[in-house]
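# Residue-level structural notes
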Amino acid sequence: VAVLSRPDLPMPVGAPPLSWRDRLLGARDGLLARPQFQRFVARWPGLRPIARRRAADLFDLCAGFIYSQVLLACVRLRLFDHLASGPRTRDELASLLQLAPERLDLLLEAACGLGLVQRRSRGRWGLGARGAALRGNAGLAAMIEHHALVYADLADPVALLRGAPGGALNRYWPYATAAKPASLGDDAVAPYTALMAASQPMIAAQVIDFYPLQRHRCLLDIGGGDGAFLSAAAAAAPQLRGVLFDLPAVADRASARFRAERLSHRAVAIGGDFFTDRLPEGADLVTLVRIIHDHDDARVLALLRNIRRSMAPGATLLVVEPLAQSAAESGAVGAYFAFYLMAMGSGRPRSFAQLATLLENAGFARIALHKAAMPLLASLVTAQPGP
Ligand SMILES: C[S@@+](CC[C@H](N)C(=O)[O-])C[C@H]1O[C@@H](n2cnc3c(N)ncnc32)[C@H](O)[C@@H]1O
């Protein structure tokens, strides 16, 4: 009671009174910030494990950038690939990675602490559980490399929050703020299209494993990139025909993929601007994979209305992207997408409720959130044209 009644937080004159929850949390904050309390908890045997866990959590938060850079070094040096066929000695690794043995030790110890590699018999090193999961995942490796741009933009997070003009990410995703995205050339779209194609298998798996594609005959993939998703869907559902719509330079890349994969008899790519151009009609499944979070509400509404106009009654819209709602499971995921998109210059992660409101306002009904294996990668939301 003594703690609760202490005026820990000076209240501005005229501010609404604090609730009991606010007061309790204020008391907790005051207690946690006191060095005497921290020392007391750390000394008390029953409380020590909690103190250690909390301290380790805080340490992780402070050291996160170093962890990411250790991971980047492992990816760049292809350490996981070198360990794929089995454990190797320090000398073997030093020569493969072209590192001085003492520097290699430093990397291996750090990577070991992060679960990326593991000590094995006779002084050899093998993959750790995390390293094993990363090995062979070209999409994740590409994303890890790509983060160099993200970190460049986040070097001064306060400047970014105060609205500093777009930097590396804004240039990397030129459609986000381009006045005429349809006139972007191949050189402007090639880097992000390759990154999307590399990371697409993880996303396509979420759809193929959790959505009944075999119920449909024609899939229109809007903003479908170079066709990696459509190609995976066509392989999983042999009855499916596909139409892809993306910016002209990207659609050209998709056509090239369909030709190379001998899919041209089942899939076509059409170029245009999905905000302003008429969209192809006749599909009974329309997909938006990692599209909506790129854009602000007004643009999303324009896009959804355009899609709604092209859809026949009974057709299904399937939205596939990570939702802010799943950030409740891991707050870090929400923080990641929010800061990433802020640096990119448009869009935001949305909760299911926020997405559903936009869908409703664009004339969709029967809006449903479906189970997905990895909401951190993507959730699945379906909707149908309303009356
Ligand atoms: C984040 S990528 C997602 C690509 C693909 N769906 C995937 O998940 O791999 C967004 C895609 O939307 C396309 N796009 C952006 N603005 C567009 C516009 N105004 N009209 C047509 N496509 C657009 C981009 O070219 C890009 O291929």
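Every value quoted in this text rests on a predicted model; they were computed, and no experiment measured them. (Residues numbered from 1 in each chain as written. Predicted model: local features only at pLDDT ≥ 70, side-chain atom pairs only at ≥ 80, totals over all residues. Heavy atoms only, no water.)

The next point concerns the pairing of strand β9 (residues 379-385). Within β9, 7 of the 7 residues are buried, which leaves the element mostly enclosed by the surrounding structure. Across 5 bridges, strand β7 (residues 316-321) lies against β9 in antiparallel orientation. Among the inter-strand pairings, V320 is bridged to a residue of β9, identified as L380. Taken together, the 5 bridges between strand β8 (residues 364-370) and β9 define a ladder with antiparallel strand orientation. Across the sheet, the residue bridging to L369 is V381, located in β9. (Buried < 20%, exposed > 50% of the residue type's maximum accessible area, 1.4 Å probe, protein only. Helix = DSSP H or I, 4+ residues; strand = E, 2+ residues; numbered from the N terminus. Pairing = 2+ DSSP bridges.)

It is worth spelling out empty space enclosed by the protein at this point. Taken as a whole, this structure holds 3 cavities of 30 Å³ or more when the rule is applied. A volume near 380 Å³ is recorded for the largest cavity. Taken together, 29 residues make up the lining of the largest cavity; nearest its centre are G223, G224, G225, D246 and I291. Among the elements of the structure, α12 (186-210) and α13 (228-236) are those that each provide at least two residues to the lining of the largest cavity. Residue classes in the lining of the largest cavity are distributed as 14 nonpolar, 8 polar and 7 charged. (1 Å grid on protein atoms, 1.4 Å probe; cavity = no way out; pocket = protein on both sides within 12 Å on 5 of 7 lines; lining within 4 Å. Points joined across faces, edges and corners; volume = space filled by probe spheres on them. Nonpolar A, V, L, I, M, F, W, Y, C, P; charged D, E, K, R; others polar.)

Moving on, we get to the nonpolar core. I222, L288, L304, I307, L317 and F364 are the most contacted members of the largest nonpolar core, which has 30 residues in total. Where this core is concerned, the elements lending two or more residues are β3 (218-222), β4 (241-246), β6 (285-289), α15 (297-310), β7, α17 (352-361) and β9. In terms of residue count, the dominant contributor to this core is α15 (5 residues). Ignoring any residue separated from it by four or fewer positions in sequence, one finds L304 in contact with L288, I292, L317, L358, L359, A362 and F364. (Core = buried A, V, L, I, M, F, W, Y, C linked by side-chain atoms within 4.5 Å. Contact = heavy atoms within 4.5 Å.)

This next bit is on the sheet that holds β9. Read across the sheet, 7 strands follow the order β5-β4-β3-β6-β7-β9-β8 without closing on themselves; strand pairing throughout is mixed. Lying at the two open borders of the sheet, with one neighbouring strand each, are β5 (267-271) and β8. Direction aside, neighbouring strands of the sheet carry axes that sit 20 degrees apart on average. Direction of pairing for β4 relative to β5: parallel, over a ladder of 5 bridges. Paired with L244 across the two strands is A269, which belongs to β5. Across the sheet, α13 lies against β3, β4, β5 and β6, angled at about 160 degrees from β3, the strand it touches most. With respect to the sheet, α15 is in contact with β3, β6, β7, β8 and β9, its orientation differing from that of β6 by roughly 165 degrees. (Axes fitted to C-alpha atoms, helices over the stretch in contact; angles between N-to-C directions.)

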